[in-house]
Amino acid sequence: MFTACVLYPIADSLWLSLYDWDGLGPKTFIGLANYIELFDDDAFYTALVNNLLWLLFFLLAPPLGLGLALLLNQTVTGIRLYKSLFFFPFVLSQIVVGIVFSWFYAPDFGLLTALIKTLAGAQTAILADERFATYGIIAAGLWPQIAYCMILYLTGLNNINPELIEAGRMDGARGCRLFWHVVLPQLGPATFIAVVVTIIGSLRSFDLVSIMTAGGPYGSTRVLSFYMYEQALSEFGYRMGYGAAIAAVLFAIMMVFISLFILHMFKKERAG
């Protein structure tokens, strides 16, 4: 099943990237021509830079999620309700998140636009401005990602060994020292999973870009996955081979992080 559903599609996509094909007619073998064209394509570099921006800002999710987890890891009345409210963004569909944030950024009735107008006296259409559109979409993606990291850390905090906490206090550790030297090392597995999942999620971003801007304005918010869709499957493309070449580059980038994850798992098993 793994070979049929994972390995074969990967190999077939890599093979398809060597052809010129519209999805219906005969395939024409063109070798590395798709890759040569790709690395001379300005739109590809725009999408690649945007993916790097996604990656950079998405790495804020683990520390912010940890902060929320520490805030919610309290024994007070109604804490389960608070945890549910903070986790709520993660269970929402990305489509719903995209629509909600589109309303939030709307230039005529959006809350953020109204706030900016009140404070700065000027009205800004976030998603229609090339300078801000990508950051607006990234903010929408961060909202549920922080909630996911928060749950990982809450689980890790519940599994902390209380004897180590007491031992740290007996040695004089308090506040930040106790957290840094005793609590944080025990959250290592949660931190590793949060970082890896966040990195992969940032590179796979598609839904929010498609819903909120469709790659605009003027292609400024494209990411690699959306550009692949545009070239291979939209009415503007039907270039299956070129889309497969974009997918191959994205796959290679993701394999770097996946390989690091697998290497870490092997080292952990050997150490165990």
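To start, this report covers the structure provided alongside it. Note that the structure is a prediction, hence the values are computed from the model and not measured. (Residues numbered from 1 in each chain as written. Predicted model: local features only at pLDDT ≥ 70, side-chain atom pairs only at ≥ 80, totals over all residues. Heavy atoms only, no water.)

1. Some points on the side chain of S17
Move 1: Here S17 shows up in the loop between α1 (2-16) and β1 (19-20).
Move 2: You can call S17 buried: its relative accessible area is 0%.
Move 3: At a separation of 2.6 Å, a polar atom in the side chain of S17 contacts the side chain of Y35.
Move 4: Residues contacting S17, with those up to four places away along its chain left out, are G31, N34, Y35, G241, A244 and A245. (Helix = DSSP H or I, 4+ residues; strand = E, 2+ residues; numbered from the N terminus. Buried < 20%, exposed > 50% of the residue type's maximum accessible area, 1.4 Å probe, protein only. Polar contact = N/O pair within 3.5 Å; in protein donor to acceptor, adjacent residues only side chain to side chain. Contact = heavy atoms within 4.5 Å.)

2. Some remarks on the pattern of salt bridges
Move 1: Going through the model one piece at a time under the given rule, you end up with 3 salt bridges.
Move 2: The salt bridge partner of E37 is R239, with a shortest N-O separation of 2.9 Å. Separated by 202 residues along the polypeptide, E37 in helix α2 (residues 33-38) and R239 in the loop between α13 (224-232) and α14 (240-271) bring together distant segments of the chain.
Move 3: By relative accessible area, R239 is classed as partly exposed at 27%. (Salt bridge = Lys/Arg side-chain N within 4 Å of Asp/Glu carboxyl O.)

3. Notes on the packing of aromatic side chains
Move 1: In this structure the tally under the stated criterion is 16 aromatic pairs.
Move 2: Summarising the aromatic geometry, the rings of F226 and Y229 are spaced 5.8 Å apart at their centres and angled 45° between planes, so their arrangement reads as tilted. Note that F226 and Y229 are positioned in helix α13 at a spacing of 3 residues, about one turn of the helix.
Move 3: On the accessibility criterion, Y229 (31% relative accessible area) is partly exposed.
Move 4: Three or more aromatic residues link up through ring pairs in this structure, and these residues are F101, F104, Y105 and W143. (Phe/Tyr/Trp six-rings, centres within 6.5 Å; stacked < 30°, edge-to-face > 60°.)

Limitation: the analysis is restricted to geometry and does not speak to function.
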